[in-house]
Amino acid sequence: MRRSGLSLSAKVLTLVLVPLVFQLITLVAIAKLENEAEALLKESIEAKKISDAINLLSQDVYDYIGEFGRDKPMKVMTTRDAHFMMLHDRHTLHYKQLKEMVQSNARLYDSVTKSEQAAYKTFAMIRRLEEIPEEGPDEVQKLRKKLWKEIRRDIKEILGGGLAERAAEQKHLAEVDAAEQARLRDISKQIMILFAVVNTLIAISAALYLTKTIAQRLAILNDNSYRLASDMPLNPQLSGTDEIATVDKTFHNMAQAMKEAAKKERAIIDNARDFICSIDTGGKFSAVNPASQAVLERSPESLLGTHFADYVADGRESVLQILSDLKTLGDTSPVELKMKKADGTIVHVLLSAHFSKEENATFCVIHDITERRKAEMLKQEVMAMVTHDLRTPLSTLRHIFTFLESGSHGTLDKKGTDFVNAGGRNVDRLLALVNDLLDVEKADSGQIDLEKTKVSLTECFDACMASLSAFAESKGVELDFLETDLIVMADEERIDRILNNLVGNAVKFSPKGGKVTLSAVRTLEREIDFAVISVKDQGEGIPEDKLEHIFEKFHQIERRCETTDKGSGLGLAICRAFVQLHGGKIWAESKIGEGSEFKFTIPLA
Ligand code: ADP
């Protein structure tokens, strides 16, 4: 490709301007020639007119000669005759016209004036001749003869003095001008033909040039975009500094950047520990990363083209449903699946899938959670075992302490009674902890069946206040609730438990003289009517970064002055599990130093 230093716009401008300038020059030349031809035409007409007028005058002179140039002319006619008068008048008129015509030509004007003077002199002599009698003495005859001689000489004088030559000159000029004019018009015609030919040549070369420098190079750009899309090497970079070369350079840079980015992405995908794949609309693997070997013990090559559902151990139909729902409903939260390894063993995975409309494919990330599952199951088993194995002996212990406290096995002294009471309280705390643990695990693993009925919130608030009033009083905290007529659809026992936990905490973390308020309002969420129940206190508050974490199991906030009623750290976890079982949510709002407000939602009846 030829190297081009001009910018594209300069090239196009040149291509337009060159023929334009050429066209202008041609037009100016043609106009000049036309003007010259026009002037010549005028000159030729003028010369012809002058030549004609002189000829006419000559004709008049010959008429005179015809009439008066012979002997004894006066016998037939006098100057008073009508014919003579007519000739005289015509003569006067022709001189007048001729003089007007030649005004601008001094030499010609001079000749005409001389001729006119000669003519009038002749007329005057003719008149004199008329007055001399034809018959008479010799002197008279001599005078007549002399006059005749003069008249003849003067008649010659009329056309002499150069007028005849001028007429010939003007005639010649008219002929020359006409020829010159024809020549100019010929040249103008030739220029026009030349212009048409040159213009056509310019147009053809411009078209060829444009095709070569612009169209062909644009075609290369276009081809490059196809090559990029089909992962083929690009054409060599275009030379030059014009816009097309710049675009091509940018395109090459962009392609290089994309290649590098793709390489990095590829490296991330290839080295990912998660099994990443794309599935076509038929549910078959279209791309798979090497992690398939680690997760399913199957090579990417062996998976390509096979159906995703073939490797699902359980719930094949529901997986297919989830994949097809992705196209219509959009992304959903990750789902847990059991998949089959090559040796038939089961692997627990978490499947996150996304359907891409542009690619018309589903992209999946499959995370192996087998180890996590095992750990969870182990934890549950341990929990179940520990809580069960602890609950029975603890209950027995509680009974023993109750017996001892009742005095049915003998009366204890003061110290003995104190020991028994302290032991009883500790057993109670242990039992409460075990029960809490059991509840939270049951709730988390979905082992709790709710017994939902219509529950009046005012009654719940009442019951809660009754059970905690003694505790509040001992802490010097006021309990209050705002009347509400909201009725929820809930398991009353669990609602009471939630309220007891929240109000218990509120009292626990309130300063002496503080107030705890219970209230409920209605709200609409996801087109369902909910009651938002609030427990508000005037305690020290909860730091913002802890507002989420306090709902996790065993999460407690470090406090400068620890309260004597140190809990298990399970109360809020139980509340959250119970609220979620009802389809609601729970959260806390707080400002340090101003108190906290715990809120949860329960569907209205
Ligand atoms: P605990 O048995 O320790 O009370 P919870 O799960 O009920 O366990 O509460 C977790 C932590 O949240 C508490 O230890 C406390 O630090 C904080 N917390 C709960 N309720 C309040 C409240 N009303 N005001 C201040 N802090 C609170």
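This text goes with the structure placed above it.
Residues numbered from 1 in each chain as written. Predicted model: local features only at pLDDT ≥ 70, side-chain atom pairs only at ≥ 80, totals over all residues. Heavy atoms only, no water.

## Looking at helix α13 (residues 492-508)
Cut-off, in case you're wondering: Comment: elements are numbered from the N terminus, with helices defined as DSSP H or I runs of at least four residues and strands as E runs of at least two. By this rule the span expected of a helix is its residue count minus one, scaled by 1.5 Å. Burial classification: accessible surface area is computed with a 1.4 Å probe over protein chains only, and a residue below 20% of its type maximum counts as buried, one above 50% as exposed, and the rest as partly exposed.
Taking 1.5 Å per residue as the helical rise, α13 with its 17 residues ought to reach 24 Å, and the 24 Å between its terminal C-alpha atoms agrees with that figure. With 12 of 17 residues buried, α13 lies mostly within the body of the structure. Within α13 the residues assigned to the buried category are Arg494, Ile495, Ile498, Leu499, Asn501, Leu502, Val503, Gly504, Asn505, Ala506, Val507 and Lys508.

## Regarding the packing of helix α5 (residues 163-229) against helix α6 (residues 243-271)
The angle between the axes and the distance between the axes are what describe a pair of packed helices. The criterion, for reference: For helices, the fitted line uses only the C-alpha atoms of the stretch in contact; every axis is such a line through C-alpha atoms, and the angle between N-to-C directions lies from 0 to 180 degrees. Reported orientations rely on four angle classes, namely roughly parallel under 35 degrees, roughly antiparallel over 145, roughly perpendicular from 65 to 115, and oblique for the rest. The contact criterion used is simple: two residues touch if any of their non-hydrogen atoms lie within 4.5 Å. Gly counts as polar in this scheme, as do all residues outside two lists: the nonpolar Ala, Val, Leu, Ile, Met, Phe, Trp, Tyr, Cys and Pro, and the charged Asp, Glu, Lys and Arg.
Where α5 contacts α6, the two axes come as close as 10 Å, and the packing angle between them is 10 degrees. Regarding the angle of α5 to α6, the classification is roughly parallel. Contacts between α5 and α6 involve Thr213, Ile214, Arg217, Leu218, Leu221, Asn224, Ser225 and Leu228 from the former and Ile244, Ala245, Val247, Asp248, Phe251, His252, Met254, Ala255 and Met258 from the latter. Here the residues of the contact of α5 with α6 are counted per class, giving 11 nonpolar, 4 polar and 2 charged.

## A word on the sheet that holds strand β11 (residues 586-591)
In plain terms, the rule: The pairing criterion for strands is at least two bridges between them, as found by DSSP.
Reading across from one edge, β7-β9-β10-β12-β11 is the order of the 5 strands in this open sheet, with mixed pairing throughout. Of all strands in the sheet, those bounded by a partner on one side alone are β7 (478-481) and β11. Taking the axes of each pair of neighbouring strands and ignoring which way they run, one obtains an average angle of 20 degrees across the sheet. One ladder, built from 7 bridges, connects strand β10 (residues 528-536) with strand β12 (residues 595-603); its direction is antiparallel. The residue bridging Ala531 from the neighbouring strand is Ile602, located in β12. Sheet strands touched by helix α12 (residues 457-475): β7, β9 (515-525) and β10. Its angle to β7, the strand with the most contacts, is close to 175 degrees.

## Things to note about the layout of surface pockets
Basically, it comes down to this: Only protein atoms enter the 1 Å grid, on which a cavity is a set of points fitting a 1.4 Å probe that cannot get out and a pocket is an open set with protein on both sides within 12 Å along at least 5 of 7 lines, lining residues being those with an atom within 4 Å of a point. Grid points are joined across faces, edges and corners, and a volume is the space filled by probe spheres set on the points.
As a volume, the second largest pocket reaches approximately 630 Å³. Listing elements by their share of the lining of the second largest pocket, those giving two or more residues are α5, α6, β1 (275-279) and β2 (285-288). The dominant element in the lining of the second largest pocket, judged by the number of residues it contributes, is α6, at 10 residues. Residues that form the lining of the second largest pocket fall into these classes: 14 nonpolar, 4 polar and 6 charged.

## Quick look at the side chain of His348
Positionally, His348 belongs in strand β4 (residues 346-356). Apart from residues no more than four positions distant in its own chain, His348 is found in contact with Leu337, Lys338, His367, Asp368, Ile369, Thr370 and Arg373.

## A closer look at the pattern of salt bridges
Quick reminder of the rule: The rule for a salt bridge is simple: a side-chain nitrogen of Lys or Arg has to be within 4 Å of a carboxyl oxygen of Asp or Glu.
Here the structure, examined in full by the defined rule, presents 29 salt bridges. Glu36 serves as the salt-bridge partner of Lys32, at 3.5 Å between the closest nitrogen and oxygen. Of this pair, Lys32 and Glu36 are both found in helix α1 (residues 8-68), 4 residues apart, which corresponds to roughly one turn of the helix. In this structure Lys32 comes out as exposed when scored by relative accessible area, which is 52%. Between Lys374 and Glu371 there is a salt bridge whose closest N-O contact spans 3.7 Å. With Lys374 and Glu371 both in helix α10 (residues 370-406) and 3 residues apart, this pair spans about one turn of that helix.

## Side note on the packing of aromatic side chains
As a reminder of what qualifies: Centres within 6.5 Å make a pair out of two Phe, Tyr or Trp rings, where for Trp the six-membered ring is used; the pair is then stacked when the planes are under 30 degrees apart, edge-to-face when over 60, and tilted otherwise.
With the rule as written, the count across this model stands at 6 aromatic pairs. Each ring, one from Phe461 and one from Phe481, has its centre 5.8 Å from the other, and the planes form 65 degrees; the classification is edge-to-face. Here Phe461 is found in helix α12, whereas its partner Phe481 is found in strand β7, with 20 residues between them in sequence. For Phe481, a relative accessible area of 15% corresponds to the buried category. With a centroid separation of 6.1 Å and 65 degrees between ring planes, the pair formed by Phe551 and Phe598 is classed as edge-to-face. In this pair, Phe551 is assigned in the loop between β10 and α14 (571-581) and Phe598 in strand β12, connecting sequence segments 47 residues apart. Pair check on accessibility: Phe551 and Phe598 agree, each one buried.

## Let's talk about the sheet that holds strand β3 (residues 335-340)
The strand order across the open sheet formed by 5 strands is β2-β1-β5-β4-β3, and the pairing between neighbours is antiparallel. The strands lining the two open edges of the sheet, one partner per strand, are β2 and β3. The mean angle between the axes of side-by-side strands here comes to 35 degrees, regardless of whether they run parallel or antiparallel. Bridge count between β1 and β2: 3 bridges; the pairing is antiparallel. Across the sheet, Ile279 pairs through a bridge with Phe285, a residue of β2. Contacting β3, β4 and β5 (361-368), helix α9 (residues 316-329) runs over the sheet at an angle of about 20 degrees to β4.

## What about a negative patch on the surface?
Keep this limit in mind: Here the term patch refers to residues with relative accessible area over 30% and no salt bridge, with like charges joined within 9 Å and nonpolar side chains (Val, Leu, Ile, Met, Phe, Trp, Tyr) within 5 Å. Only the protein chains shown count as cover for residues, with accessible areas throughout obtained via the Shrake-Rupley method and a probe of 1.4 Å. None of His or the chain ends enter the tally, which takes Lys and Arg as positive and Asp and Glu as negative. Where a charge lies is defined by one atom per residue type, namely NZ (Lys), CZ (Arg), CG (Asp) and CD (Glu).
A cluster of like negative charges, contributed by Glu459, Asp462, Glu483 and Glu492, occupies part of the molecular surface. Position of Glu459 among the secondary structure elements: in helix α12. Overall, Glu459 belongs to the exposed group, its relative accessible area being 52%.

## Quick word on unusual backbone geometry
A positive phi is found at Asp231, a non-glycine position, where the angle reads about 60 degrees. As for its placement among the helices and strands, Asp231 is situated in the loop between α5 and α6. Residue Asp231 is classed as exposed on the basis of its relative accessible area, which comes to 72%. Despite not being glycine, Asn360 shows a phi value in the positive range, around 55 degrees.

## Section: the nonpolar core
Definition in use: Side-chain atoms within 4.5 Å are what join buried Ala, Val, Leu, Ile, Met, Phe, Trp, Tyr and Cys residues into a set we call a nonpolar core.
Judged by nonpolar contacts, the single largest core of 51 residues is most densely connected at Leu499, Leu502, Val503, Leu518 and Phe600. Those residues in contact with Leu499 that sit more than four places away from it in its chain are Cys460, Phe461, Cys464, Gly504, Leu518, Ile533, Val535 and Phe600. In this structure, Ile54, Val112, Met125 and Ile132 belong to the second largest nonpolar core, which totals 24 residues.

## Considering empty space enclosed by the protein
One pass over the structure, following the stated rule, counts 1 cavity of 30 Å³ or more. Approximately 40 Å³ is the volume attributed to the largest cavity. Taken together, Ile322, Leu326, Thr332, Ser333, Pro334, Val335, Leu351, Ser352 and Ala353 form the lining of the largest cavity. Within the residue set of the lining of the largest cavity, elements represented by two or more residues are α9 and β4. Across the lining of the largest cavity, the residue classes break down as 6 nonpolar, 3 polar and no charged.

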